[in-house]
Structures are given as C-alpha cells and as structure tokens.
Amino acid sequence: MPLPESEVERALVVIAHPDDADFWAGGTIAAWTDSGIAVTYLLLTDGDSGGFDPDVPRTDVPAIRRAEQQAAAAILGVSDVRFLGQREGTLVAGFELRREIVRVIRQVRPQRLLTWSPEWNWQRFRTSCHADHRVTGELALTAAYPDAGNPFAHPELLRDEGLAPWKVSEFWLLNSPSPNHYVDITGVFDRKIQALQAHESQTKHRDALARLMRERIAPNTAAARLPADRLAEAFQVVANA
Ligand SMILES: [Zn+2]
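Residues numbered from 1 in each chain as written. Predicted model: local features only at pLDDT ≥ 70, side-chain atom pairs only at ≥ 80, totals over all residues. Heavy atoms only, no water.

1. With respect to the coordination of the zinc ion
The zinc ion binds to the protein through His 17 (ND1), Asp 20 (OD) and His 133 (NE2), with metal-donor distances spanning 2.1 Å. Sequence positions of the donors to the zinc ion reduce to the motif H-x2-D-x112-H. Given a relative accessible area of 4%, Asp 20 falls into the buried group. (Donors = N, O, S within 2.8 Å, 3.2 Å for Na, K, Ca; no water. Buried < 20%, exposed > 50% of the residue type's maximum accessible area, 1.4 Å probe, protein only.)

Right, here's the structure in full:
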C-alpha cells in the first residue's frame with residue numbers, strides 16, 4: 001500500500017518526454033496537487049523527435065514542446081517543471097546524467113518519486129516501450145537509491161552545492177509489467193484530457209482524444225475491480241524501506 005497522502009509533502013516525476021506524465025498519470029497527479037502535494041516534473045529530453053506537422057522547422061520543436069509541457073502541467077496544478085535538455089532517442093544510463101537527477105532529488109527532497117518502469121511491459125510493447133522510457137526508469141531509480149541518500153556518492157553535490165543526502169520513501173512506476181495499485185481518476189478525467197490537449201503538436205490530430213483515452217485505460221478499471229463507469233490509472237508502487 002502507498003503512503004497515506006498526509007505523509008507526502010512533495011513528489012518528483014522523472015520522465016523521458018513531454019506528455020509522458022500527463023498521458024500515463026495525469027489524473028493521479030491532479031489528485032495529488034488537489035490534496036496539497038507539491039509536484040515537480042523533471043524531463044530528461046525535449047521530445048525533439050515528436051510532432052506531425054512537416055511545416056514546423058525541427059529546430060523549433062524543443063521550445064514548442066517545453067511550452068506545451070508547462071501549459072499541461074499547469075492544468076494539473078504543477079508549476080515546477082524542469083528540463084535536462086537531452087536529445088530524444090539518445091538516453092543512456094550513464095553516470096553524468098544520473099548525477100543531474102540526484103541533484104534534483106536532493107533539491108526537491110520528495111517523499112514520492114514517479115518514473116517509468118525500467119522493465120519492459122510486453123503487453124504494451126508496441127505503443128509504450130520507448131527505449132528512453134526504460135533508461136529513464138533505470139536512471140531515476142538508481143539516482144534515488146543508492147545515490148541520493150549516500151553522502152559519499154557524487155560528493156561534489158554536497159561539497160560544492162550544499163545538497164545534503166535525501167532518502168525517497170516510495171516509487172511509483174509507469175507501464176510496469178506488474179501493476180499493484182490503481183487510482184480512480186473519474187473525477188479528474190476531464191482535466192487529464194485538457195492537459196493532453198495542451199500538447200497540441202502531439203494531440204491536435206486526435207479529435208476523439210477523450211474516447212481514445214477511455215478505451216486505452218478501460219482495462220485498468222477491470223483490473224482495479226471498479227464499477228465499469230469508473231476510470232483508473234495503474235502503477236507499480238514500491239516502498240524504498
Ligand atoms: Zn515518452
């Protein structure tokens with residue numbers, strides 16, 4: 001079982017691309033901010049391979065996608081959105097990038113960290129198993145444990161920036177092959193759709209976005225044993241105890 005919301009002051013969402021968090025956890029994040037949890041997004045890439053309009057210069061895409069992500073996050077109650085500016089499709093689980101994530105973990109000091117599962121989910125391989133997702137999960141989890149809590153890991157962060165060790169209490173994993181927790185998002189589903197529409201370069205061509213999303217997350221409703229008219233998002237929650 002996850003920590004009670006009353007024990008979570010801050011949550012950090014570490015994702016690969018603009019729109020990852022909103023597609024997979026937008027309803028849950030809206031519920032968190034509604035309950036007073038301060039949520040920070042950390043995006044490793046700018047999603048610079050995304051979009052569909054051949055008339056948009058590719059060099060404009062990173063700024064467009066960052067602005068869309070800021071707008072979408074604001075709809076869900078998230079104002080702290082940070083970017084590491086890596087190129088889409090190039091992520092590797094290296095030491096330098098891990099340190100950048102440790103820095104943000106120690107700055108934000110979250111009790112809860114939401115990221116991609118570092119395991120493939122073969123059920124959704126074709127639609128959701130981008131290599132950047134898996135690498136992001138591996139980086140974020142390794143940054144949280146053991147690095148962020150160990151004063152002797154990345155010692156320059158403590159020495160030069162005064163960033164003290166921090167232990168994240170709990171991980172929430174997206175697209176896990178073994179989900180074990182479901183959040184009923186029926187009451188905030190409309191805001192999730194609004195947030196997705198804010199990613200205009202990705203979703204403008206989908207006029208039936210709400211219907212598509214209902215279909216996509218319908219299996220979660222059954223798995224969560226909720227009544228058929230409810231909508232749910234799925235996670236694997238792991239205690240870092
Ligand atoms: Zn993605």
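2. Comments concerning the nonpolar core
In this structure, Ile 29, Val 39, Tyr 41, Ile 105 and Leu 113 are the most contacted members of the largest nonpolar core, which totals 66 residues. Every residue in contact with Val 39, bar those within four places of it in the chain, is listed here: Ala 11, Val 13, Ile 29, Trp 32, Thr 33, Val 78 and Asp 80. (Core = buried A, V, L, I, M, F, W, Y, C linked by side-chain atoms within 4.5 Å. Contact = heavy atoms within 4.5 Å.)

3. Overview of helix 3 (residues 95–108)
Taking 1.5 Å per residue, 14 residues should reach 20 Å; helix 3 reaches 20 Å between its end C-alpha atoms and fits that length. Residues of helix 3 that are buried: Leu 97, Arg 98, Arg 99, Ile 101, Val 102, Val 104, Ile 105, Arg 106 and Val 108. Of the surrounding secondary structure, the elements contacted by the buried residues of helix 3 are strand 1 (10–15), strand 2 (38–45), strand 3 (80–86), strand 4 (112–116), helix 5 (131–148) and helix 6 (155–161). A positive backbone phi angle near 55° is found at Arg 109, which sits one or two residues after helix 3. (Helix = DSSP H or I, 4+ residues; strand = E, 2+ residues; numbered from the N terminus. Expected span 1.5 Å × (residues − 1).)

4. Re the pairing of strand 1
With five of six residues buried, strand 1 lies mostly within the body of the structure. Sheet topology places strand 1 next to strand 2; six bridges connect them, and they run parallel. Looking at strand 2, one finds that Arg 10 is bridged to Ala 38. Running through helix 1 (residues 20–34), the crossover from strand 1 to the neighbouring parallel element strand 2 is right-handed. In this structure, strand 1 lies alongside strand 4, joined through four bridges in parallel fashion. Within strand 4, the position partnered with Leu 12 by the bridge is Leu 113. (Pairing = 2+ DSSP bridges. Right-handed = clockwise from strand over helix to strand, strands pointing away.)

5. Description of the packing of helix 3 against helix 5
For the pair helix 3 and helix 5, the least separation of the axes is 9 Å and the interaxial angle reads 65°. In terms of axis orientation, helix 3 runs roughly perpendicular to helix 5. The crossing of helix 3 and helix 5 is right-handed. In contact with Leu 97, Arg 98, Ile 101, Val 102, Ile 105 and Arg 106 of helix 3, helix 5 contributes Leu 139, Ala 140, Thr 142, Ala 143, Ala 144, Asp 147 and Ala 148. Among the residues forming the contact of helix 3 with helix 5, the class breakdown is nine nonpolar, one polar and three charged. (Axes fitted to C-alpha atoms, helices over the stretch in contact; angles between N-to-C directions. Parallel < 35°, antiparallel > 145°, perpendicular 65-115°, else oblique. Left-handed = near helix turned anticlockwise from the far one by under 90°. Nonpolar A, V, L, I, M, F, W, Y, C, P; charged D, E, K, R; others polar.)

6. So, the pattern of salt bridges
Opposite charge on two side chains makes pairing possible when the charged atoms of those side chains draw close. Enumeration over the complete set of coordinates arrives at 16 salt bridges. Between Glu 5 and Arg 112 there is a salt bridge, with its nearest N and O atoms 3.0 Å apart. Of this pair, Glu 5 sits in the segment before strand 1 while Arg 112 sits in strand 4; the two residues are 107 residues apart in sequence, bridging distant segments of the chain. Classification of Glu 5 as partly exposed rests on a relative accessible area of 32%. Judged by its relative accessible area of 0%, Arg 112 is buried. The partner of Arg 99 in a salt bridge is Glu 96, with the nearest N and O atoms 2.6 Å apart. Separated by three residues within a single helix, Arg 99 and Glu 96 lie in helix 3, roughly one turn from each other. Taking relative accessible area as the criterion, Glu 96 reaches 51% and is therefore assigned exposed. Here the salt bridges do not stand alone but share partners, grouping Glu 5, Arg 112 and Glu 170 into one network. (Salt bridge = Lys/Arg side-chain N within 4 Å of Asp/Glu carboxyl O.)

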